[in-house]
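One-letter residues, chain by chain:
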Amino acid sequence: MAAASPPHRRPGAVPVAALAALAVLVALAALAVGRATPGGLQDHGPARPVTPPLVPQPLWSGLAASPPPTSPAAGSGSATQAPPQPVPDVTVPGRDIAAVDVRAVLAKDPEVSQEERRALDSCATCEVRSPEFRDLTGDGRPELIAAVATPAAVVLHVYTQADDRLLPILRVQVLKGFSAETVGTDLWLHEPTTVSTRTNSHYHWDGVRLSLLEQQVEGIGPILGPGQAGSGQTGPAVPESAPAVTPGTGRSPAPVRPSPAGPEPVPGTAVPSPRATVQPPARPTSAPPEAKP
């Protein structure tokens, strides 16, 4: 029996196995190019943690702010201060600043004014607010924030802890209608300096004390007269003879106009249909020209 002859191959033909291997290589090359080209999938490692934005945290939010002054008042600021020294004869119990008696600290602080000391003793129009605790130095530990309201103004004190002692890092006088908040480790004070403006003071830790970083004057809008607030009207005022607004509809009722050809309607009677009573007005004749002098 004769042996089977090998399959006839045309000259220049490529084997099927070689074509399959070539296709695999082309696919791998395309995948590699796709990873390197813009828009391709790339591995940049683990995603960075997302830091939430800083949110203002009001101080003494439970207390009502005083009304703004009725006349312009001079702004307040922080006077030049000597390097902070520990408050004498005051220690932090257990190194817990929240356990400090704020009245005892203010009584021992030599920077406290005589007006403030009268507020500590007895004063009908004075107040020593409950202390607030916020981290204003960025060391992870809270600072003590105290406010003493005198008859004339409010004095704000901030103390930081150094071992078992307290260092005064801010003393500033503000208007009675002030509000305060912290944004991160920064302190913001808002004072209604006039009936239409307020002053915003931004304090930042400089490594020694809280220093004034910036101060802005913000317009809070003019005082509107009666009937102007929220109208948003830019055109002429509505005359007094305008019809009243129908309750519950928010729209004025359509005015009842008498027929040109008939008498005025009597109140309480039905108005006839305009189609039956209104006649087209007579066409006016042209008036003779006026004689020239």
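Predicted model only: the values in this text are computed from it and were never measured.

Chemist: Any chance you could explain the pairing of strand S8 (residues 186–191) here in plain terms?
Modeler: Among the 6 residues of S8, 6 are classified as buried, and the element is accordingly described as predominantly covered. Note: strand S7 (residues 179–183) against S8, 5 bridges, orientation antiparallel. What sits directly across from Ser 179, in S8, is His 190. Counted along the chain from S7 to the antiparallel partner S8, the turn is 2 residues long, and its residue Gly 184 has a positive phi close to 70 degrees. With 5 bridges joining them, S8 and strand S9 (residues 197–205) adopt antiparallel strand pairing. Looking at S9, one finds that Leu 189 is bridged to Ser 201.

Chemist: Explanation requested: the packing of aromatic side chains in the structure shown.
Modeler: How two aromatic rings sit relative to each other is set out by the distance from centre to centre and by the angle between their planes. Counting across every chain of the model gives 1 aromatic pair. Relative to Phe 178, the ring of Trp 60 has its centre 6.5 Å away and its plane inclined at 70 degrees; by these criteria the two rings are edge-to-face. One end of the pair, Trp 60, is in the loop between strand S1 (57–58) and helix H2 (102–108); the other, Phe 178, is in the loop between strand S6 (165–174) and S7, and 118 residues separate them in sequence. You'll find Trp 60 and Phe 178 in the same group, each marked buried.

Chemist: Would you mind going over the side chain of Thr 150 with me for this structure?
Modeler: Structurally, Thr 150 can be placed in the loop between strand S4 (143–149) and strand S5 (154–162). Once residues lying within four places of it in the same chain are set aside, the contact partners of Thr 150 are Glu 115, Glu 116, Thr 125, Cys 126 and Lys 176.

Chemist: Is there a simple way to explain the sheet that holds strand S10 (residues 210–219) in this structure?
Modeler: Strand pairing in a sheet is mediated by backbone hydrogen bonds. Such pairs are either parallel or antiparallel. Spatially, the 5 strands line up as an open sheet ordered S1-S7-S8-S9-S10, and their pairing is antiparallel. Pairing within the sheet leaves two strands with one partner each, and these edge strands are S1 and S10.

Chemist: What's the story with the pattern of salt bridges in this structure? I'm lost.
Modeler: Two side chains bearing opposite charge may form a pair once their charged atoms approach each other closely. All told, the structure shown has 4 salt bridges when counted by the stated rule. Its salt-bridge partner being Glu 116, residue Arg 171 comes within 3.0 Å of it at the nearest N-O pair. Taken together, the residues Arg 171 in strand S6 and Glu 116 in helix H3 (residues 114–121) connect sequence positions 55 residues apart. Notably, a salt bridge pairs Glu 218 with Arg 198, separated by 2.8 Å at the nearest N-O pair. Here Glu 218, found in strand S10, pairs with Arg 198, found in strand S9; they are 20 residues apart in sequence, far enough to count as distant.

Chemist: Explain the confidence of the model for the protein to me, please; I cannot follow it from the model alone.
Modeler: Segments scoring low in pLDDT should not have their predicted coordinates read at a detailed level. Taken residue by residue, the protein gives an average pLDDT of 74. The fraction at 70 or more is 59%. Here residues 229–256 is modelled with pLDDT under 50, and outside its nearest four sequence neighbours on either side it reaches 14 contacts, counting other chains as well. Under a pLDDT of 50 for its full length, residues 271–278 has, in the predicted model, 7 contacts with residues more than four places off or in other chains.

Chemist: Can you walk me through the nonpolar core in this structure?
Modeler: If you look at soluble globular proteins, the nonpolar side chains tend to sit buried side by side. Leu 156, Leu 187 and Leu 189 are the most contacted members of the largest nonpolar core, which has 19 residues in total. Counting only elements with at least two residues in this core, the list comes to S4, S5, S6 and S8. Here the element with the most residues in this core is S6; it accounts for 4 residues. Not counting residues up to four positions away in its chain, the partners in contact with Leu 189 are Leu 156, Val 172, Val 174, Ser 179, Ala 180, Thr 199, Asn 200, Ser 201 and Tyr 203. Val 92, Val 105, Leu 106 and Leu 166 belong to the second largest nonpolar core, which has 18 residues in total.

Chemist: I tried to follow the pairing of S6 on my own but got confused; where do I start?
Modeler: Sheet faces and side chains relate simply in a regular strand, where the side chains alternate between the two faces. Among the 10 residues of S6, 7 are classified as buried, and the element is accordingly described as predominantly covered. Summarising the sheet, S5 and S6 pair through 9 bridges and their orientation is antiparallel. Within S6, the position partnered with Ala 162 by the bridge is Arg 165. What sits between S5 and S6 in their antiparallel hairpin is a turn of 2 residues, with Asp 163 showing a positive phi close to 60 degrees.

About the cut-offs
Residues numbered from 1 in each chain as written. Predicted model: local features only at pLDDT ≥ 70, side-chain atom pairs only at ≥ 80, totals over all residues. Heavy atoms only, no water. Buried < 20%, exposed > 50% of the residue type's maximum accessible area, 1.4 Å probe, protein only. Helix = DSSP H or I, 4+ residues; strand = E, 2+ residues; numbered from the N terminus. Pairing = 2+ DSSP bridges. Phe/Tyr/Trp six-rings, centres within 6.5 Å; stacked < 30°, edge-to-face > 60°. Contact = heavy atoms within 4.5 Å. Salt bridge = Lys/Arg side-chain N within 4 Å of Asp/Glu carboxyl O. pLDDT = per-residue confidence, 0-100. Core = buried A, V, L, I, M, F, W, Y, C linked by side-chain atoms within 4.5 Å.

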